[in-house]
Amino acid sequence: MYGSNKAVTDDTDRTEFRKTEKKYKLYYDQNSKRKKKPKQVDLSEVLDFKSFLDSYHQNGELPPEIVVVDCRFDRPVFGLESRPGFYFIPGALSVDEQCRWIRDSLMSFPQPPNRTNHNAIYGPISDLFAAVKERKVLVEDENMPAGLDSGSNGCIGNEDTCRWSFCEEDSVLSRGRSCKSVSASVLLRKLRWSTLGLQFDWSKRNYNVSLPHNKIPDELCQLAKKLAAPAMPMGEEFQPEAAIVNYFASGDTLGGHLDDMEADWSKPIVSMSLGCKAIFLLGGKSREDPPLAMFLRSGDVVLMAGEARECFHGVPRIFTDKENAETTTLELHFCDENDILEYIRTSRINVNIRQVF
Ligand code: OGA
Ligand code: MN
């Protein structure tokens, strides 16, 4: 996953999974390039668990493929007849909970020693979100040779160097053109992932237990245990050890993949959606199986356990237009926090929590 399948372009381009990804992906209308109007897509086949929940509450009715999974949970948990091990909990998180995890995803989860996609280029970056608020710029210190540890910022050797640090915009302008710099707001827009708990090494596609890491924050751990319960064997408790936080801007996608680096596939992956509405594709064990498409809204939680862990899945689309994004409630809650408001209006965050061993 995450670009690890470079050699797949030709063959997978024709798979059923790829065809469906292309169907829902964001394209712009050719003849309205200047206004950048998204091409209309037919959403009539996208499963909508919010409407299933409404109908279930009203008259107990559900479409034939959808089942209520009997469990020890405080709200309806749905499953799909054809995909054992897949669970959908619409609106599992209250708006206050959503706001809390959005705030943490922006301010605390990307903090070192947690790694982000920016580590490989800039080394560890502290306080990115504060730097956005203060309109700071990340600047390279040319006098410090790459590969040497500055000793500050608490970063430790490896490929991580501390050549880059945040500066006031003015001080960068006065240094002239030669110094390399990138604004904090661009870095936030280009933030694609951060990892909590055990750190995942994307280049080796495994968990690298020797990388410095903190435990999953306690409250996230407690929440994940509660959310995982419907997919856990009776009497067993989910043990969150790692989490991957995905950040999506308009046009960003997560290609079809399997999460196969955890030892025990009977344990669920707990996946929380925050921010803009998205389309999630749940395929089968082969890329040739036609995937089911479903909407994921802020506050929805999906569990994938057992057989569903062997199913290809991905996110071909997030909606950032006002009508489809469905972020109005969140926006009201963030009306006093302009930087979060600006971010979440056009972004989606996915926190997915795993038991590794
Ligand atoms: C993942 C994943 C799904 C989502 O990160 O492995 O499948 O909803 N995310 O973003
Ligand atoms: Mn996944």
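- An unreviewed UniProt entry lists the protein under the name Fe2OG dioxygenase domain-containing protein, from Salix brachista.
- The Sequence similarities (unreviewed entry) comment attached to the protein in UniProt states, word for word, "Belongs to the alkB family."

**Quick notes on the coordination of the manganese ion (ligand 2)**
Right, so step 1: Donor atoms from the polypeptide that bind the manganese ion (ligand 2) are His257 (NE2), Asp259 (OD) and His313 (NE2), placed at 2.1 to 2.2 Å.
Right, so step 2: Mapped onto the sequence, the donors of the manganese ion (ligand 2) take the spacing H-x1-D-x53-H. There is no split in this pair, since histidine 257 and aspartate 259 are both buried.

**Points about the sheet that holds strand S1 (residues 66–68)**
Right, so step 1: Pairing within the open sheet is antiparallel, and its eight strands lie in the order S1-S2-S3-S15-S12-S17-S10-S7. The sheet terminates laterally at S1 and strand S7 (193–197), the two strands that pair on one side only. Between one strand and the next, the sheet's axes are offset by a mean angle of 25°, whatever the strand orientation.
Right, so step 2: Relative to strand S15 (residues 301–304), strand S12 (residues 269–275) runs antiparallel, the two being bridged by four bridges. Looking across to S15, one finds that valine 270 is bridged to leucine 303.

**Quick look at the packing of helix H4 (residues 95–107) against helix H12 (residues 338–345)**
Right, so step 1: Two elements in contact, H4 and H12, have axes whose closest approach is 11 Å; the angle formed by their N-to-C orientations is 95°. By the angle between their directions, the pair H4 and H12 is classed as roughly perpendicular. Across the interface between the two elements, Ile102, Arg103, Leu106 and Met107 from H4 touch Ile340, Tyr343 and Ile344 from H12.
Right, so step 2: Here the residues of the contact of H4 with H12 are counted per class, giving six nonpolar, no polar and one charged.

**Concerning the packing of aromatic side chains**
Right, so step 1: Scanning the entire structure with this criterion turns up eleven aromatic pairs.
Right, so step 2: Pairing tyrosine 56 with phenylalanine 78 gives two aromatic rings, centres 5.8 Å apart and planes at 90°, and the pair type is edge-to-face. Of this pair, tyrosine 56 sits in helix H3 (residues 49–59) while phenylalanine 78 sits in strand S2 (residues 78–80); the two residues are 22 residues apart in sequence, bridging distant segments of the chain.
Right, so step 3: Judged by its relative accessible area of 28%, tyrosine 56 falls in the partly exposed class.
Right, so step 4: For the ring pair phenylalanine 295 and phenylalanine 319, a centre distance of 6.3 Å and an interplane angle of 55° mean the geometry is tilted. Linking phenylalanine 295 in strand S14 (residues 292–296) with phenylalanine 319 in the loop between strand S16 (313–318) and helix H10 (322–325), this pair joins segments that are 24 residues apart in sequence.
Right, so step 5: Ring pairing ties together the aromatic residues Phe49, Phe52, Tyr56, Phe78 and Phe88, which thus form one cluster.
Right, so step 6: In this structure, lysine 277 is placed above the aromatic ring of phenylalanine 319, and the distance from its NZ or CZ to the ring centre is 5.6 Å.

Calculation notes
- Residues numbered from 1 in each chain as written.
- Chains lettered and ligands numbered in written order.
- Predicted model: local features only at pLDDT ≥ 70, side-chain atom pairs only at ≥ 80, totals over all residues.
- Heavy atoms only, no water.
- UniProt positions renumbered as here; feature names shortened; annotations may be inferred.
- Donors = N, O, S within 2.8 Å, 3.2 Å for Na, K, Ca; no water.
- Buried < 20%, exposed > 50% of the residue type's maximum accessible area, 1.4 Å probe, protein only.
- Pairing = 2+ DSSP bridges.
- Helix = DSSP H or I, 4+ residues; strand = E, 2+ residues; numbered from the N terminus.
- Axes fitted to C-alpha atoms, helices over the stretch in contact; angles between N-to-C directions.
- Parallel < 35°, antiparallel > 145°, perpendicular 65-115°, else oblique.
- Contact = heavy atoms within 4.5 Å.
- Nonpolar A, V, L, I, M, F, W, Y, C, P; charged D, E, K, R; others polar.
- Phe/Tyr/Trp six-rings, centres within 6.5 Å; stacked < 30°, edge-to-face > 60°.
- Lys NZ or Arg CZ within 6 Å of the ring centre and 35° of its normal.

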